[in-house]
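So the chains spell out like this:
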Amino acid sequence: MSDRVKQQAASAIVNLARRTAARAEGNGTTRNERLREAEGLYAIALDLFPDQTWAHWRGLVLMDLEDYAAAEEAFNQAASLDRTWELNGLKESIYVDFARRARALRNGRHEGATGRVDEVTGLPKDADATLPDSLASIMNAAGLTQDFQQELMALLQANAAMGEQANDEDSEVEVGREPLTVEEEEAVIEAGERFAYHLVDGRFEAAHLMLGVELKATCTAARLKQCYEEMIGYLEAPIDTVASEPPDRWEGRSHIYVGLCGDFGSEAVFLGLERVERELQVVSIEWGRP
């Protein structure tokens, strides 16, 4: 099996792990079972194709499970795979900081910490509010004061709180949102990632065939190629894999965010899909990360 095939297979497993972890809600047994299932899927994917980001995500799930020893190992694996820290002028990989925090929690140096990780700051929730060492080193190198670093940390935490509040409000007032069955969700993910891989692999004619009638008439294969190349033109290394977020559906149209990932950067496309007879067609494309 080629590395390319292994990578694509592992990517599919990682997407399943992310969807499984996203469904882990509350504090009961079911939540932990889903997190354990997600962690196991990450382990399978990493065995198939080691990747720093996937190892990091596995570590975050283990932190949520309060399995700090295993989380430390996962973050150390991410650090060993990381090839970007030297290019960014850091003294070590940022994942080393995550390993340190896991070790500190394992040794009981954060009393009352829950182990749950803040998605914005990367810090354990309820832990002392300090910036990661590698980020602090950037601030120090830039001549920024400790007061500024503390203000930045406060802004990060405030932003995370605002995001949680917005998510709560969205879940209450979203109008027109329709639930997807597991089968529908898997079909949207398959179509979205297939379209994205057509772009990544330079198969623009194949990508064009997946467009809906109206979009196909106004967006040629050459235009798809132009938009894609303009989007990734600044990246220092090629895109080689894709990873999607769980899809949603509003007013009859499915939407999926598909990340396009490489060794030294990433981009994304946000796709709208509609089913025409038995086929899902791409009816809208937003190029680039938000």
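If you're wondering where the values come from, they're calculated on a predicted model, not measured in any experiment. (Residues numbered from 1 in each chain as written. Predicted model: local features only at pLDDT ≥ 70, side-chain atom pairs only at ≥ 80, totals over all residues. Heavy atoms only, no water.)

A. Just the overall build of the protein chain, in detail. If you tally the helices and strands in the protein chain, you get eleven helices and five strands. Buried positions account for 42% of the 290 residues belonging to the protein chain. For the protein chain, the proportion of contacts with a sequence separation of at least 24, taken over those separated by at least 6, is 54%. (Helix = DSSP H or I, 4+ residues; strand = E, 2+ residues; numbered from the N terminus. Buried < 20%, exposed > 50% of the residue type's maximum accessible area, 1.4 Å probe, protein only. Contact = heavy atoms within 4.5 Å.)

B. Representation of the environment of Leu46 within the structure. Summarising the element assignment, Leu46 is placed in helix H2 (residues 29-48). Classification of Leu46 by relative accessible area gives buried; the value is 5%. The spacing of Leu46 and Val14 is 32 residues in sequence and 8.8 Å in space, taken between C-alpha atoms.

C. Fine view of the packing of aromatic side chains. Applying the stated rule across the entire model yields three aromatic pairs. Sitting above the plane of the Phe98 ring, Arg101 keeps its charged end 4.5 Å from the centroid. (Phe/Tyr/Trp six-rings, centres within 6.5 Å; stacked < 30°, edge-to-face > 60°. Lys NZ or Arg CZ within 6 Å of the ring centre and 35° of its normal.)

D. Expanded view of the packing of helix H3 (residues 52-64) against helix H5 (residues 94-106). Contact geometry of H3 with H5 gives a least axis separation of 11 Å together with a crossing angle of 20 degrees. Of the possible angle classes, the one that applies to H3 and H5 is roughly parallel. Judged by the twist between their axes, the crossing of H3 over H5 is left-handed. From H3, Gln52, Thr53, His56, Leu60 and Met63 reach across to H5, where they touch Tyr95, Phe98, Ala102 and Leu105. Along the lines of polarity and charge, the residues of the contact of H3 with H5 split into six nonpolar, three polar and no charged. (Axes fitted to C-alpha atoms, helices over the stretch in contact; angles between N-to-C directions. Parallel < 35°, antiparallel > 145°, perpendicular 65-115°, else oblique. Left-handed = near helix turned anticlockwise from the far one by under 90°. Nonpolar A, V, L, I, M, F, W, Y, C, P; charged D, E, K, R; others polar.)

E. Quick look at the environment of Ser244. Mapped onto the fold, Ser244 is located in strand S1 (residues 239-244). As for Ser244 and Val269, which are separated by 25 residues in sequence, their C-alpha atoms are 9.5 Å apart. With residues up to four places along the chain from it excluded, the contact list for Ser244 reads Asn15, Arg18, Ile189, Glu193, Ile256, Tyr257 and Val258. For Ser244, the side chain forms a polar contact with the side chain of Glu193, separated by 2.8 Å. (Polar contact = N/O pair within 3.5 Å; in protein donor to acceptor, adjacent residues only side chain to side chain.)

F. The pattern of salt bridges, seen in detail. In this structure the tally under the stated criterion is 14 salt bridges. A salt bridge links Arg249 to Glu178; the shortest N-O distance between them is 3.3 Å. Of this pair, Arg249 sits in strand S2 (residues 248-250) while Glu178 sits in the loop between helix H7 (146-173) and helix H8 (182-200); the two residues are 71 residues apart in sequence, bridging distant segments of the chain. By relative accessible area, Glu178 is classed as partly exposed at 30%. For Asp201, the salt bridge is made with Arg203, and the minimal N-O distance between the two is 2.9 Å. You can call Arg203 partly exposed: its relative accessible area is 37%. Residues joined in a network through salt bridges with shared partners are Glu72, Arg103 and Arg106. (Salt bridge = Lys/Arg side-chain N within 4 Å of Asp/Glu carboxyl O.)

G. Spotlight on the packing of helix H1 (residues 3-22) against H8. Look at H1 against H8: their axes get within 12 Å of each other, and the N-to-C directions meet at 145 degrees. As for how H1 packs across H8, the hand of that crossing is right-handed. On H8, the residues touching Arg4, Gln8, Ser11, Asn15 and Arg19 of H1 are Glu185, Ile189, Glu193, Tyr197 and Val200. When its residues are assigned to classes, the contact of H1 with H8 shows three nonpolar, three polar and four charged.

H. Structural view of the environment of Gly262. Among the structural elements, Gly262 can be located in strand S3 (residues 253-262). When its relative accessible area of 22% is taken as the criterion, Gly262 is described as partly exposed. Along the primary structure Gly262 and Val242 are separated by 20 residues, whereas in three dimensions their C-alpha atoms are 8.8 Å apart. Those residues within four positions of Gly262 in sequence are excluded, and the remaining contacts are Pro238, Ile239 and Asp240.

I. Molecular detail of the state of the cysteines. Tallied over the entire structure, the rule returns zero disulfides. The thiol sulfur of Cys227 is not disulfide-bonded, and the nearest other cysteine sulfur, from Cys219, lies at 5.8 Å. Judged by its relative accessible area of 9%, Cys227 is buried. (Disulfide = S-S within 2.5 Å.)

J. Quick look at the confidence of the model for the protein chain. Per-residue confidence for the protein chain gives a mean pLDDT of 79, with 74% of residues at or over 70. Element-level mean pLDDT values for the protein chain span from 52 in helix H6 (residues 133-141) up to 96 in helix H9 (residues 204-209). Every residue in residues 110-115 is under pLDDT 50, and counting partners more than four places away or in other chains gives 18 contacts. Of the regions scoring below 50 in pLDDT, residues 117-131 engages in 46 contacts with residues more than four places distant in sequence or in other chains. (pLDDT = per-residue confidence, 0-100.)

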